[in-house]
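So you can see what is in the structure, the chains are spelled out below.
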Amino acid sequence: MFKLWYKWIQNRTATTGMTVTHLELPDKSEGDKKLYRALSLSNGVKAMLISDPGMSQNSSASIASNRTVPSAHSSSSSASSLEQFHGKLAACAVLMGVGSFSEPPEYPGLAHFLEHMIFMGSKKYPEENAFDAFVTKSGGFSNAHTENEDTCFYFEVEEQHLDKTMDMFMNLMKEPLMSPEAMARERSAVQSEFEQTFMVDEVRRDQILATLAGDGYPHSTFSWGNLKSLKENVNDEDLHRTLHEFRRNHYGCNRMTVCLQAKLSLDELEQLLVRHCASIPQSEEPPLNVEKLHYRHAFKEKFFKELLLVQPVEDVCKLELTWVLPPMRKYYRSKPDSFIAHLLGYEGVGSLCSFLRRRLWCMSVMAGVGPGSFDTNSIYSLFNMCIHLTDEGFEHLDEVMAATFAWIQLVNDCETLQTAYSELQQIAANNFRFQIEIPSMDNVQSIVEALRFLPPKDTLTGPQLYFEYDEKAHKMLRQHLTDFKFNIMISSHIPYEHYEYDRREPWFGTYYTSIPIPEKWQTMWLNPQPHPELKLPEANPFVTTDFTLQWIKAGKPHISRRPKTLIRNEVCELWFRQDDTFLLPDGFINLYFITPLMRQSPRDYVAAVLFTYLIEFYIAEQLYPALMAGLTYGLDPADKGLVLRVSGYNQKLPLLVDIIINVMKTLEVDAAQLMSFKELKKRQLFNAVINGKSLNVDLRLTVLEHMRFTLIEKYEVIDDITVDDIVQFKDNFYKQMYVQALIQGNFTDQQAIEVTQKVLDTYKSQKVENLVALHNRMVQIPLGEHYLRVKNLNEDDPNSLIVNYYQIGPATLKMEAMLDLVDLIAEEPFFNQLRTREQLCYSLGMFQRISYGIMGYILVINTQETKFKADYVDKRLEAYRLRVPSIIEDMNEQEFNEMRETIINNKRLGDHSLFDEMMRNWSEIASMDYVFNRNELQIQMLADVSKQSILDFLQRNERHNLRKLSVQVIGSSRVTRHSHTEIPEAISDAIAAHHAPTTGLAQRPGSLSVILEEVQRNISEEQLLYEHIGDRIHLEFIGDIHDKSHILDIEAFKKNLHVFPFLAADPKYHGL
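Source: prediction; values computed, not measured. (Residues numbered from 1 in each chain as written. Predicted model: local features only at pLDDT ≥ 70, side-chain atom pairs only at ≥ 80, totals over all residues. Heavy atoms only, no water.)

**Q** It is not clear to me how the overall build of the chain should be interpreted in this structure. Could you clarify?
**A** From N to C terminus, the chain includes 37 helices and 26 strands. Buried residues in the chain amount to 61% of all 1072 residues. The contacts of the chain with a sequence gap of at least 6 include a subset with a gap of at least 24, amounting to 83%. Of the roughly 42,800 Å² of accessible surface on the chain, 50% is carried by carbon and sulfur atoms. (Helix = DSSP H or I, 4+ residues; strand = E, 2+ residues; numbered from the N terminus. Buried < 20%, exposed > 50% of the residue type's maximum accessible area, 1.4 Å probe, protein only. Contact = heavy atoms within 4.5 Å. Areas by Shrake-Rupley, 256 points an atom, 1.4 Å probe, with all protein chains shown as cover.)

**Q** Where do I start with helix H10 (residues 266-277) in this structure?
**A** The end-to-end C-alpha distance of H10 is 16 Å, a good match for the 16 Å that twelve residues give at a rise of 1.5 Å each. Of the residues making up H10, those classed as buried are Leu266, Leu269, Glu270, Leu272, Leu273, Val274, His276 and Cys277. (Expected span 1.5 Å × (residues − 1).)

**Q** Help me understand the packing of aromatic side chains, please; the structure alone is not making it clear to me.
**A** Tallied over the full model, the rule gives 52 aromatic pairs. Of note, Arg359 hangs over the ring of Phe355, and the distance from its end group to the ring centre comes to 3.7 Å. Over the aromatic face of Tyr930 sits the side chain of Arg568, whose NZ or CZ is 5.6 Å from the ring centroid. (Phe/Tyr/Trp six-rings, centres within 6.5 Å; stacked < 30°, edge-to-face > 60°. Lys NZ or Arg CZ within 6 Å of the ring centre and 35° of its normal.)

**Q** How should I be thinking about the sheet that holds strand S25 (residues 963-970) in this particular structure?
**A** Strand pairing in a sheet takes place through backbone hydrogen bonds and is either antiparallel or parallel in direction. Spatially, the six strands line up as an open sheet ordered S23-S24-S22-S25-S21-S26, and their pairing is mixed. The open sheet has two edge strands, strand S23 (843-851) and strand S26 (1037-1038), and neither has a second partner. The strands that helix H24 (residues 692-704) touches are strand S21 (784-791), strand S22 (799-810), strand S24 (854-864) and S25; relative to S25, the one it contacts most, it runs at about 150°. Taken strand by strand, helix H28 (residues 813-837) contacts S22, S23 and S24, and its axis lies near 165° from that of S23. (Pairing = 2+ DSSP bridges. Axes fitted to C-alpha atoms, helices over the stretch in contact; angles between N-to-C directions.)

**Q** Hey, could you run me through the sheet that holds strand S17 (residues 586-594) in this one?
**A** Spatially, S15-S16-S20-S17-S19-S18 is the arrangement adopted by the six strands of the open sheet, whose pairing is mixed. On the outer flanks of this sheet lie strand S15 (564-568) and strand S18 (632-637), each paired with one strand and no other. If you compare each strand with its neighbour and ignore which way they point, the axes differ by 10° on average. Examined bridge by bridge, S17 and strand S20 (residues 738-745) share eight bridges and lie antiparallel to one another.

**Q** How should I be thinking about the pairing of strand S11 (residues 381-389) in this particular structure?
**A** On any regular strand, side chains alternate: one points to one face of the sheet, the next to the other face. Counting buried positions along S11 gives nine out of nine residues, so the element sits mostly inside the fold. Burial along S11 is two-sided: Ser381, Phe383, Met385, Ile387 and Leu389 and Leu382, Asn384, Cys386 and His388, pointing in opposite directions, are all buried. Here nine bridges tie strand S9 (residues 317-325) to S11, and the two strands are oriented antiparallel to one another. Note that in S11 the partner of Thr322 across the bridge is Asn384. Of the strand pairs in this sheet, strand S10 (residues 362-369) and S11 are connected by seven bridges, and their pairing is antiparallel. The partner of Cys362 across the bridge, within S11, is Leu389.

**Q** Which parts of the structure should I look at to understand the environment of Leu909?
**A** Mapped onto the elements of the fold, Leu909 is located in the loop between helix H30 (893-908) and helix H31 (914-926). For Leu909, a relative accessible area of 26% translates into the label partly exposed. Spatially, the C-alpha atoms of Leu909 and Leu89 are 7.6 Å apart, while their sequence positions differ by 820 residues.

**Q** Quick question: what am I supposed to make of the side chain of Gln807 here?
**A** Of note, Gln807 is situated in strand S22. A residue is classified by how much of its surface remains accessible, and Gln807, at 1% relative accessible area, is buried. From its side chain, Gln807 meets the backbone nitrogen of Ile781 in a polar contact 2.9 Å long. (Polar contact = N/O pair within 3.5 Å; in protein donor to acceptor, adjacent residues only side chain to side chain.)

**Q** Help me understand the pairing of strand S16 (residues 572-578), please; the structure alone is not making it clear to me.
**A** When you tally the buried positions in S16, you get seven out of seven residues, the bulk of the element. Here S15 runs beside S16; their pairing, made up of four bridges, is antiparallel. Note on S16: the bridge partner recorded for Arg568 is Glu573. Counted between consecutive antiparallel strands, the loop separating S15 from S16 contains three residues. In this sheet, S20 lies alongside S16 in parallel orientation, the contact comprising seven bridges. Bridging from a neighbouring strand, Arg577 pairs with Gln744 of S20.

**Q** I would appreciate a short explanation of a negative patch on the surface in the present structure.
**A** Taken together, Glu713, Glu716, Asp1049 and Glu1051 make up a surface patch of like negative charges. Within the element layout of this structure, Glu716 appears in helix H25 (residues 711-717). (Patch = residues over 30% accessible without salt bridge, like charges linked within 9 Å, V, L, I, M, F, W, Y side chains within 5 Å. Salt bridge = Lys/Arg side-chain N within 4 Å of Asp/Glu carboxyl O. Lys, Arg positive; Asp, Glu negative; His and termini not counted. Charge placed at Lys NZ, Arg CZ, Asp CG, Glu CD.)

**Q** What's the story with the pattern of salt bridges in this structure? I'm lost.
**A** Should the charged atoms of two oppositely charged side chains come close, the side chains can pair. A complete count under the given rule lists 53 salt bridges for this structure. A salt bridge links Lys34 to Glu437; its shortest N-O distance comes to 3.4 Å. Here Glu437 lies in the loop between helix H16 (417-433) and helix H17 (440-453) and Lys34 lies in the loop between strand S1 (20-22) and strand S2 (35-41), a separation of 403 residues in the sequence. Of the charged contacts, one joins Glu538 and Lys535 as a salt bridge, the two residues approaching to 3.9 Å between their closest N and O atoms. Connected through shared salt-bridge partners, Asp32, Lys34, Asp52, Lys88 and Glu437 make up one network.

**Q** Would you explain the nonpolar core in this entry?
**A** Nonpolar side chains in soluble globular proteins generally cluster together in the buried interior. Core analysis: the biggest nonpolar cluster contains 104 residues, and Phe593, Leu642, Met664 and Phe733 have the highest contact counts within it. Ranked by residue count, the leading element in this core is helix H21 (residues 602-628), at 16 residues. (Core = buried A, V, L, I, M, F, W, Y, C linked by side-chain atoms within 4.5 Å.)

**Q** I'm lost on H31 in this one. Help?
**A** Each α-helix turn comprises 3.6 residues. Residues three or four places apart therefore point the same way. When the terminal C-alpha atoms of H31 are compared, their 18 Å separation across 13 residues agrees well with the 18 Å that a helix rising 1.5 Å per residue should span. Within the span of H31, buried status applies to Leu914, Glu917, Met918, Asn921, Trp922, Glu924, Ile925 and Ala926. Check the buried side of H31 and you find it contacts S16, S17, strand S19 (641-649), S20 and helix H32 (934-942). With its phi angle positive at about 65°, Met928 sits one or two positions after the end of H31.

**Q** Looking at this model, I keep getting lost on the environment of Lys302. Mind explaining?
**A** One can find Lys302 in helix H11 (residues 302-305). Classification of Lys302 by relative accessible area gives partly exposed; the value is 36%. Taking the C-alpha atoms as reference points, Lys302 and Ile515, 213 residues apart in sequence, are found 9.8 Å from one another.

**Q** Please clarify how the confidence of the model for the chain should be interpreted in this entry.
**A** Summary statistics for the chain give a mean pLDDT of 89 and a share of 89% for residues scoring 70 or more. Ignoring residues within four places in sequence, the model shows residues 1009-1027, a span with pLDDT below 50, making 68 contacts including any to other chains. (pLDDT = per-residue confidence, 0-100.)

**Q** Can you help me understand the packing of helix H29 (residues 870-889) against helix H33 (residues 947-960) in this one?
**A** Between two packed helices, both the angle of their axes relative to each other and the distance between the axes serve to describe the pair. Their axes nearest at 10 Å, the elements H29 and H33 cross at an angle of 160°. Accordingly, the angle class assigned to the pair H29 and H33 is roughly antiparallel. Once H29 is placed against H33, the crossing between them reads as left-handed. For the pair H29 and H33, contact is made by Arg881, Leu882, Val884, Pro885, Ile888 and Glu889 and by Lys947, Ile950, Leu951, Leu954 and Glu958, respectively. (Parallel < 35°, antiparallel > 145°, perpendicular 65-115°, else oblique. Left-handed = near helix turned anticlockwise from the far one by under 90°.)

**Q** Help me out: how do you make sense of unusual backbone geometry in this one?
**A** Phi is mostly negative for residues that are not glycine, and the peptide bonds are mostly trans. Unusually for a residue other than glycine, Met178 sits at a positive phi of about 50°. Tracing the backbone shows Met178 in the loop between helix H5 (162-174) and helix H6 (180-197). Look at Met178 and you get buried, because its relative accessible area is 0%. Despite not being glycine, Tyr852 shows a phi value in the positive range, around 50°.

**Q** Would you explain the packing of H28 against H30 in this entry?
**A** Axis separation between H28 and H30 bottoms out at 10 Å; the angle between their running directions is 120°. Classed by the angle they form, the pair H28 and H30 counts as oblique. The two elements H28 and H30 meet at a crossing, and its hand is right-handed. The segment H28 lies against H30, with Asp820, Leu821, Leu824 and Ile825 engaging Phe896, Met899, Arg900, Thr902, Ile903 and Lys907. Across the contact of H28 with H30, the residue classes tally to six nonpolar, one polar and three charged. (Nonpolar A, V, L, I, M, F, W, Y, C, P; charged D, E, K, R; others polar.)

**Q** Sorry if this is basic, but what is going on with the environment of Met173 here?
**A** Among the structural elements, Met173 can be located in helix H5. Along the backbone, Met173 and Arg247 are 74 residues apart, and their C-alpha atoms lie at a distance of 9.1 Å. What Met173 contacts, discounting residues up to four positions off in sequence, is Met96, Ile118, Phe153, Arg247, Tyr251 and Ile280.

In structure tokens:
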């Protein structure tokens, strides 16, 4: 066998002229069943191949996978056996070893622009969108991003299309067209991406620091690129020529790193790699030589001598200390920066964060070297310590600074750091040993970036493990942190010591100034006063020690794919499924406390929200070690109650539930804390109302849902919330309560029952008298078209958001599957027509939505009123929607069948992780649909779906059941104030990107800082509006009072409309 293999290698080498050298295999975790091969080609390509054969055949899931799927005509329901799908998408990532550091200074952003232009067709496949269209039709996705030293491209597709996709992609690398016509259009895409980041403070901070780059250092560039850098005063012919020269100089096989993952064997993957990479030419220039660029001179001296005072976009106050370190990648085995960051950013008892929070001076403390290429590269690494201050903390800035300096000295002077290091080392080892499977595309992207800088042997372990405590490396880092040689930046709307922001960074328009660092701070640093409250972390009580797998311990019994009920009565339903698939010591406990109080009034609802914030604030210190040990928790408000979630290593999860339930039961409300959270929540609600995206969602759901408290209703009651309201909610929400529980993972039946019963015994709730009355229901829209138009409250926001909702009616599984297929067929032409050709916008989408059993589909587009009027955009959406049947009709049978097969294959894809499986089950439980085998049933139904049946359905709905609701939040057609930029769309695009609404039953991890960051986000334009509008929020509806299609009063419009009954999903596949 070996001789045959060797002969094949020799033949292949002779045929391609390519020599393959196998490199050392990477170390992997014991649970990783994938096969790896690291290799290099003689043309310079370096690669990691991953053969992923799927799940172990030893699990009971393998038994289910061998069952015969019932035919589409057999009797089926949610109780039927579930097929265990093992399929995964194949994925490829290509890292080209060039980025913004290498671009010519006269064209800032050229490297990023090239990343966009690469996709615009190749000599072999000249159609501009050929690659994207093929990837979409193959059930996949593609993307790319540009960093300072490399550019990463990645895609995923169904495995049978991998060969063709790689051929198309490598031809983009080899012979891209990059025509002048495409260049003119794609600059707009780069501009739009710039606008999406325009209001991000972290990006603005980097650009200010870039102005302090040492002479001749490449990080002084403006890496994003925009119309100003790529169009204004730019000769297009010169730019086009330079673009091609830059690609030839820097894109080549000798600078390529590739990661390829599929179910194929390693030998088959190697053949693919060689076949598609052998003919890629080498780059004409070598990589940028940074050996002479020493980190100590990476920034000018004033970086260390001057205090930077910055006006931020968000309504935040941040204190940042930034040290310049040598490149830390080479210290990956000991990770001294990550370890010290863990200590400085600790939020548990005795920490700096605890000290400041107890005084209501700060919200969070974070430390470490950032992941971005501006923060860490081959020249330097920036170690940052960031403290998010409250207004009161800003008033006590000197005391905050003194405590911070004392904390840093305490860490630096500690003689027992190796003990803390060993604990972190053990936690990291546990996490690696039992790491969770991630989607193929995320995996190849992560590995290709590691392979670029690490030895193949350490590609998997290097980013995660603490291999050894290196005293020399730790001493080096602590020496840097000991010297008074770091940058101090304060970002605040309230100017420090009344200094004016009299300077402006040219690319993002950020206002800032600088002054000499106050001498008093240097004195504090040199002579820090001890703070008795500060102490280093003690041993972590939440570190897992028992990794027994319960399914294996029980003898590997057969486990149904459907969760089973262990408790079902008038106050509780407990669903449970023991894991037999992923075989990790992980678990999830979800508890939905359904209570009538949440539906009682806006005041009760807001009190419940504030109650959850206070709970998380109270437990933050105690449970921070749990987060460090790999556990998570969260308490979130939902429509009908509160959702408590804990997850991670299963051993300590019952303890977490006990702790949180005890605090929920015994919380003593602090008036000062409540006042702080009320103000933060009020700002959050205000931000949502003046943000077009979240306002549009709220208006649409206010029309469609029978029961809903609007954003404005919540905003108007929050000032009236008192301590008594919180106490009343705490003492009464559980008196009548129904608990939905899902416990899934590495537990036994008995453990699941004990956890749930303990919660029930704690509360001793009575049954909810009319549980069905708490379920929301949908209003039936009248036949025809109806328009709800509202002016954006922000007069300087030109963004218009148009969302067209088309209500179909009670959903069936077959209807859901058919519309999935329509989406797949229509999505790529939708983007190509409205975004690429007509250039109406950068952000748009189409998708179906089932709400409380009622099916609808949505077309959404975010445009600018300064460019296109909302009425015109609505007409273009309608024109495309009416084209969809003809797009389907023009497909031949083979094309249609291929698309149908793609959607079937997508539904066959297995859950990537226990989390994915849990969320699929939890969605069925929380919605009360309980169709746990939804995908299996839809696959059966799709087998009988023909092109004609879809056309009949669409035409029937168009002729007899067109129910359209168009909700439009219309931006200003005249922007009069330009406080930040000459490109007004940037503000609104950035706001839209920054304030995407978060809804649902699983929103955030269990870290208090996440809540605080979420409620603190407030664009500076919004801050001015907040001060101007205050409590006088009034929405201006647009329309003709005599036109019945115009909605000017939502309540009047809904008054006599039919309300659908509460509908769970129909498991039948007929009845369209």
